[in-house]
Amino acid sequence: MELTIANFVQIVIACLLIIALMVGNAVIMVYIERKAAGFIQRRPGPYEVGPRGTIQAICDSMKLLGKQLFIPGNVDWLLYFLAPVMAFLPVLLLFLPIPFGKYLVALKVDDGILLILAFAGLGVISNILAGWASNNKYGLLGAARAVAQSVAYEIPMIMALLAVVFMAGSLNLSEIVERQGTWPWQWNIVFQPLACFIYFVSLVGETNRAPFDLPEAESELTAGFHTEYSGMGFALFFLSEYANMLLVSFVCATFFLGGYKGPILDGFWWTFIKAYAVMCLIVWLRWTFPRVRFDQLLNINWKWLLPLSILNLWVTAIVLKFIE
Amino acid sequence: MDQAIEKILALIWSPFNALEELIAEWLPGQEVAALIAYGVYVLIILAGGFMAIGSRNLIRAMIGLVLTFLGVAGLYLLLASPFLAFMQVLIYVGAVCVLIFFAIMLTRNTNEGEESKLPGIGSALYGLLAFLLPLAVLGPLIVKNVPKLTLQSYGQTETRLLGEGLITQDVFSFELISIILLVAMAGAVFLAWRRRPTPEDPPQPKTGSAPSLSTKGGAQK
């Protein structure tokens with residue numbers, strides 16, 4: 001790809017749109033999440049501010065903006081401030097290669113999925129920095145859990161995606177969508193149901209969502225790695241957590257659910273509908289299942305997901321050879 | 001009006017154009033944007049390196065290491081191999097550094113180790129020697145064949161060629177490296193392996209080692 005002024009302008013506009021998407025997504029998802037939680041737990045959820053409580057999330061974010069930036073004693077101030085910024089910045093980069101529509105791609109990278117997987121690792125580093133720098137036992141424990149969890153769940157996630165890459169013969173996200181058809185039975189979820197399942201479980205683990213929210217388990221560790229953060233520091237972590245959720249949902253939609261292809265008319269609306277369906281599934285999962293214990297979490301990964309994903313990869317390779 | 005805007009734009013661009021001409025004179029055949037990117041990446045690498053050796057705190061040193069790895073990934077991008085660049089970030093930043101952090105956390109007192117003191121003149125000399133040796137070996141080679149930096153990418157052909165190379169002509173070295181990794185993994189499992197006590201075993205005395213973060217603790221009590 002050549003670097004021209006037009007390309008540069010395109011990337012800048014894309015970054016601005018992505019920031020808007022991230023913030024809008026956080027506001028909408030907080031509302032959906034709290035309403036869903038209320039529905040599942042037989043309580044109304046937010047209903048005071050605005051019609052049916054719709055402005056509640058905006059008021060909350062205003063409150064976060066106005067809060068004092070508090071630095072606890074004896075923290076490593078450089079790392080303490082670096083951590084939320086490091087959580088937020090790479091997410092911008094991660095959205096660039098996602099094909100929202102056939103022509104709606106911010107940056108056409110040939111190794112798009114590799115870019116996403118590579119820079120997603122920076123999020124873990126921000127978590128462990130936050131936990132370590134805030135000079136807090138809860139924070140440190142949360143950081144230790146974040147390390148073990150994300151290193152473990154990254155492997156079956158990559159293996160599951162690799163099975164689809166085998167089928168498509170390409171690391172380019174647009175090409176992977178192009179290989180899938182319009183109708184649901186032509187999507188990769190039909191050809192790779194096991195990979196889709198493994199990917200879904202590991203994405204819950206990677207984004208630290210319940211039932212795998214061990215790094216920030218509020219009933220054990222107050223808030224885990226971000227215990228000492230308030231105001232904008234917390235807001236940045238919060239924003240990046242929801243943006244990460246959105247990102248893995250988009251990757252799920254692209255890899256397994258046909259991306260921008262769908263019945264009647266292809267287009268970016270299908271990507272968004274599918275991604276938000278995955279998001280709602282994650283929210284539903286959070287309020288339905290209790291949190292697993294830490295040894296259970298690691299056992300699920302190392303004893304089930306990893307062998308299954310290796311098996312899946314192996315079977316995929318053999319079948320592909322036979323078809324050839 | 002249009003002419004005025006053109007003049008202002010020309011004024012803004014003039015230092016860049018001058019720089020471009022200067023670079024074209026010095027290093028013929030190189031892209032200017034790529035050279036600027038090269039400068040930025042080298043600065044990142046150097047800053048990360050100095051942060052890694054200069055800071056008294058192990059975690060800050062690790063952040064320096066992360067910066068250096070990111071800069072090196074940028075250099076791979078400039079050599080038109082995005083696959084290597086992304087793998088560098090994925091493996092070194094996403095896995096190796098995270099495991100280094102884990103190792104740091106298992107040892108206590110990150111601020112009071114041997115590294116918190118400034119090194120003496122002797123170790124500084126050794127460090128300088130260790131820095132100059134690769135430079136002396138590799139420097140002439142690099143000066144002799146300057147690689148062409150580029151912001152272009154050759155797309156998936158690069159990844160495909162790499163994969164084909166690994167399973168055809170370089171398959172022996174590839175397998176050798178996997179055996180080394182396998183040995184390391186088997187060794188780690190062997191060192192960490194402990195038989196779970198059965199009810200007939202006498203209760204083991206508690207050792208005074210540091211509390212470990214291992215997940216097996218609950219099962220052994």
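K.L.:
Please clarify how the overall build of chain A should be interpreted in this entry.
P.N.:
Looking only at helices and strands, one finds 12 helices and zero strands in chain A. In chain A, the order of α-helices and β-strands from amino to carboxyl end is α-α-α-α-α-α-α-α-α-α-α-α. Sequence-distant contacts, at least 24 apart, represent 76% of the contacts inside chain A between residues at least 6 apart. For chain A, the computed accessible surface area is about 14,800 Å², with 71% contributed by carbon and sulfur atoms.

K.L.:
What exactly am I supposed to notice about the interface of chain A and chain B here?
P.N.:
Much of the literature gives interface size as the accessible area that the parts lose upon coming together. Contacts between the two partners involve 40 residues from chain A, matched on the other side by 31 residues from chain B. The contact between chain A and chain B buries some 2,800 Å² in all, and 76% of this surface belongs to carbon and sulfur atoms. At the boundary of chain A with chain B, the tally comes to one residue pair in polar contact (both at pLDDT 80 or more). Elements supplying a minimum of two residues to the side of chain A that touches chain B: helix 3 (77-95), helix 4 (112-133), helix 5 (137-168) and helix 12 (294-323) of chain A. Taken together, the residues that form the side of chain A that touches chain B break down as 29 nonpolar, four polar and seven charged.

K.L.:
How do you make sense of the nonpolar core when you look at a structure like this?
P.N.:
A general tendency of soluble globular proteins is for nonpolar side chains to be buried together. Counting residues in hydrophobic clusters, the biggest one holds 115 residues, and the most contacted among them are Phe95, Ile113, Ile125, Tyr199, Phe255 and Phe256 of chain A together with Phe101 of chain B. For this core, the element with the most residues is helix 4 of chain A, which contributes 15 residues. Once you skip the residues sitting within four places of it in the chain, Tyr199 of chain A turns out to touch Met157, Ala160, Leu161, Val248, Val251, Cys252 and Phe256 of chain A. Residues Leu35, Ala37, Leu78 and Leu149 of chain B belong to the second largest nonpolar core, which totals five residues.

K.L.:
Would you mind showing me how to read helix 5 of chain A here?
P.N.:
For the α-helix, the turn length of 3.6 residues means that residues three or four positions removed from each other point alike. When the terminal C-alpha atoms of helix 5 of chain A are compared, their 46 Å separation across 32 residues agrees well with the 46 Å that a helix rising 1.5 Å per residue should span. One or two residues past the end of helix 5 of chain A sits Gly169 of chain A, with phi positive at roughly 65 degrees.

K.L.:
Please clarify how the environment of Met87 of chain B should be interpreted in this entry.
P.N.:
Along the chain, the position of Met87 of chain B falls in helix 4 (residues 82-106). On the basis of relative accessibility, which here comes to 22%, the residue Met87 of chain B falls in the partly exposed class. Setting aside anything within four residues of it in sequence, one finds Met87 of chain B in contact with Leu114 of chain A together with Tyr92 of chain B.

K.L.:
Even after reading the chapter, I still don't get a nonpolar patch on the surface, so can you show me in this structure?
P.N.:
Where nonpolar side chains cluster on the molecular surface, the patch consists of Ile5, Val9, Ile13 and Leu17 of chain A together with Ile5, Ile8, Leu9, Ile12, Trp13 and Phe16 of chain B and spans about 990 Å² of accessible area. Sorting the residues of the nonpolar patch by element identifies helix 1 (5-40) of chain A together with helix 1 (2-26) of chain B as the ones contributing at least two each. Considering every element that reaches the nonpolar patch, the biggest residue donor is helix 1 of chain B, with six residues. As for its position among the elements, Ile5 of chain B is in helix 1.

K.L.:
For this particular structure, what's the right way to read the pattern of salt bridges?
P.N.:
Oppositely charged side chains can form a pair if their charged atoms are brought close together. Residues and elements named next belong to chain A. Summed over the entire model, instances satisfying the criterion amount to six salt bridges over all chains. Between Arg209 and Glu33 there is a salt bridge whose closest N-O contact spans 2.8 Å. Here Glu33 lies in helix 1 and Arg209 lies in the loop between helix 8 (193-206) and helix 9 (218-221), a separation of 176 residues in the sequence. In this structure, Arg209 and Glu33 share a single accessibility class: buried. Put simply, Arg291 and Asp213 hold a salt bridge, and the shortest N to O gap is 2.8 Å. Taken together, the positions of Arg291 in the loop between helix 11 (268-288) and helix 12 and Asp213 in the loop between helix 8 and helix 9 put the pair 78 residues apart, joining distant regions of the chain. Taking relative accessible area as the criterion, Arg291 reaches 24% and is therefore assigned partly exposed.

K.L.:
Explanation requested: the environment of Leu221 of chain A in the structure shown.
P.N.:
By the secondary structure assignment, Leu221 of chain A is in helix 9. A C-alpha to C-alpha distance of 8.8 Å links Leu221 of chain A and Lys137 of chain A, two positions 84 residues apart in sequence.

K.L.:
What is the right way to read the packing of aromatic side chains from this model?
P.N.:
Two aromatic rings, taken as a pair, are described by how far apart their centres are and by the angle between their planes. Residues and elements named next belong to chain A. Going through the model one piece at a time under the given rule, you end up with 16 aromatic pairs over all chains. Ring geometry for Tyr80 versus Phe81: centroids 5.6 Å apart, planes at 75 degrees, classification edge-to-face. Relative accessible area serves as the criterion here: at 3%, Tyr80 is assigned to the buried category. The residue whose ring lies beneath Lys274 is Trp187, and the NZ or CZ to ring-centre distance is 4.1 Å.

K.L.:
Explanation requested: helix 3 (residues 58-78) of chain B in the structure shown.
P.N.:
A rise of 1.5 Å per residue sets the reference length of helix 3 of chain B, with its 21 residues, at 30 Å; its end C-alpha atoms lie 31 Å apart and thus fit the reference within 8%. Listed in full, the buried residues belonging to helix 3 of chain B are Ile59, Ala61, Met62, Ile63, Gly64, Val66, Thr68, Phe69, Gly71, Ala73, Gly74 and Leu78 of chain B. Looking at the buried side of helix 3 of chain B, the elements it contacts are helix 3 and helix 4 of chain A together with helix 2 (32-54) and helix 4 of chain B. Following helix 3 of chain B by one or two positions, Ala80 of chain B has its phi on the positive side, about 60 degrees.

K.L.:
Got a minute to help me understand unusual backbone geometry in this structure?
P.N.:
Among all residues except glycine, the phi angle is most often negative; among peptide bonds, the trans geometry is most common. Residues and elements named next belong to chain A. Notably, Arg42 is not glycine yet its phi reads approximately 55 degrees, a positive angle. Despite not being glycine, Asn208 shows a phi value in the positive range, around 55 degrees. By the secondary structure assignment, Asn208 is in the loop between helix 8 and helix 9. According to the relative accessible area criterion, Asn208 is buried, its value standing at 9%.

Here is what the cut-offs are and how they apply
- Residues numbered from 1 in each chain as written.
- Chains lettered and ligands numbered in written order.
- Predicted model: local features only at pLDDT ≥ 70, side-chain atom pairs only at ≥ 80, totals over all residues.
- Heavy atoms only, no water.
- Helix = DSSP H or I, 4+ residues; strand = E, 2+ residues; numbered from the N terminus.
- Contact = heavy atoms within 4.5 Å.
- Areas by Shrake-Rupley, 256 points an atom, 1.4 Å probe, with all protein chains shown as cover.
- Buried area = accessible area lost by both parts, 1.4 Å probe.
- Polar contact = N/O pair within 3.5 Å; in protein donor to acceptor, adjacent residues only side chain to side chain.
- Nonpolar A, V, L, I, M, F, W, Y, C, P; charged D, E, K, R; others polar.
- Core = buried A, V, L, I, M, F, W, Y, C linked by side-chain atoms within 4.5 Å.
- Buried < 20%, exposed > 50% of the residue type's maximum accessible area, 1.4 Å probe, protein only.
- Expected span 1.5 Å × (residues − 1).
- Patch = residues over 30% accessible without salt bridge, like charges linked within 9 Å, V, L, I, M, F, W, Y side chains within 5 Å.
- Salt bridge = Lys/Arg side-chain N within 4 Å of Asp/Glu carboxyl O.
- Phe/Tyr/Trp six-rings, centres within 6.5 Å; stacked < 30°, edge-to-face > 60°.
- Lys NZ or Arg CZ within 6 Å of the ring centre and 35° of its normal.

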